[in-house]
Amino acid sequence: MYAYGPATPQQFAQWLSAPRRWATELFASLAGDLHQVDIAGTVAWVPAGDIAPQPGPPQGVRLLPYFDAYTVGCHPREQLFPGPAGQRALSAGQAGNFPVLLVDGTVAGIWHHRRTGHTVDLTVEPLTTLTTAACRELDDQVERIGQILEAEPRLTIGPVALRGHA
């Protein structure tokens, strides 16, 4: 719950592949240890004492890898994967099958990389128009991936032709 909360009993049951009834009863038994919160009209719970407000909305551009915990653990999915992002980056509602472009905390595209020798080619498929500032941050992310992989990065903005990870 500290890592993936706020959560509902149904979401918790889904993470564990456990019966929903069991999760509902568990949450009820932990009433003193959980705090109820409202997330965009959905009632959910967090561990008691874990209710400090965030300093502000998420900001920035990130290239998240396959099966990143932020995308896999998110619920409800439509808040992180709005509209076209859900259609393009989710596989039958499952997150993680595509690396994603995150802009201000929301999935705004997908990406792929291919390494050849000392070069890494990154293709980023934005699903929204990127601002000039977002493009600069994307360039920074591409450079960072190049540093991590110890390769010269090259960025292409365009469609990602590969299918999601199975």
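Everything here concerns the structure above.
Since this is a predicted model, take the numbers as computed values, not measurements.

About the cut-offs
Residues numbered from 1 in each chain as written. Predicted model: local features only at pLDDT ≥ 70, side-chain atom pairs only at ≥ 80, totals over all residues. Heavy atoms only, no water. 1 Å grid on protein atoms, 1.4 Å probe; cavity = no way out; pocket = protein on both sides within 12 Å on 5 of 7 lines; lining within 4 Å. Points joined across faces, edges and corners; volume = space filled by probe spheres on them. Nonpolar A, V, L, I, M, F, W, Y, C, P; charged D, E, K, R; others polar. Axes fitted to C-alpha atoms, helices over the stretch in contact; angles between N-to-C directions. Helix = DSSP H or I, 4+ residues; strand = E, 2+ residues; numbered from the N terminus. Parallel < 35°, antiparallel > 145°, perpendicular 65-115°, else oblique. Left-handed = near helix turned anticlockwise from the far one by under 90°. Contact = heavy atoms within 4.5 Å.

Asker: Whenever I open this one, empty space enclosed by the protein confuses me. Can you help?
Answerer: Rolling a probe over the atoms, with the probe sized like a water molecule, indicates the empty space that remains. For the structure shown, the criterion picks out 1 cavity of 30 Å³ or more. When its volume is computed, the largest cavity comes out at roughly 30 Å³. Every residue along the wall of the largest cavity is listed here: Tyr-66, Phe-98, Pro-99, Trp-111, His-112, Val-160, Leu-162 and Arg-163. By residue class, the composition of the lining of the largest cavity is 6 nonpolar, 1 polar and 1 charged.

Asker: Would you take a moment to explain the packing of helix H1 (residues 9-16) against helix H2 (residues 20-29) for this structure?
Answerer: Close contact between H1 and H2 brings their axes to 8 Å; oriented N to C, the two are set at 125°. The pairing of H1 with H2 is recorded here as oblique in orientation. As H1 runs across H2, the sense of the crossing is right-handed. Contact residues: H1 offers Pro-9, Gln-10, Phe-12, Ala-13 and Leu-16, while H2 offers Arg-20, Trp-22, Ala-23, Thr-24, Leu-26 and Phe-27. Across the contact of H1 with H2, the residue classes tally to 8 nonpolar, 2 polar and 1 charged.

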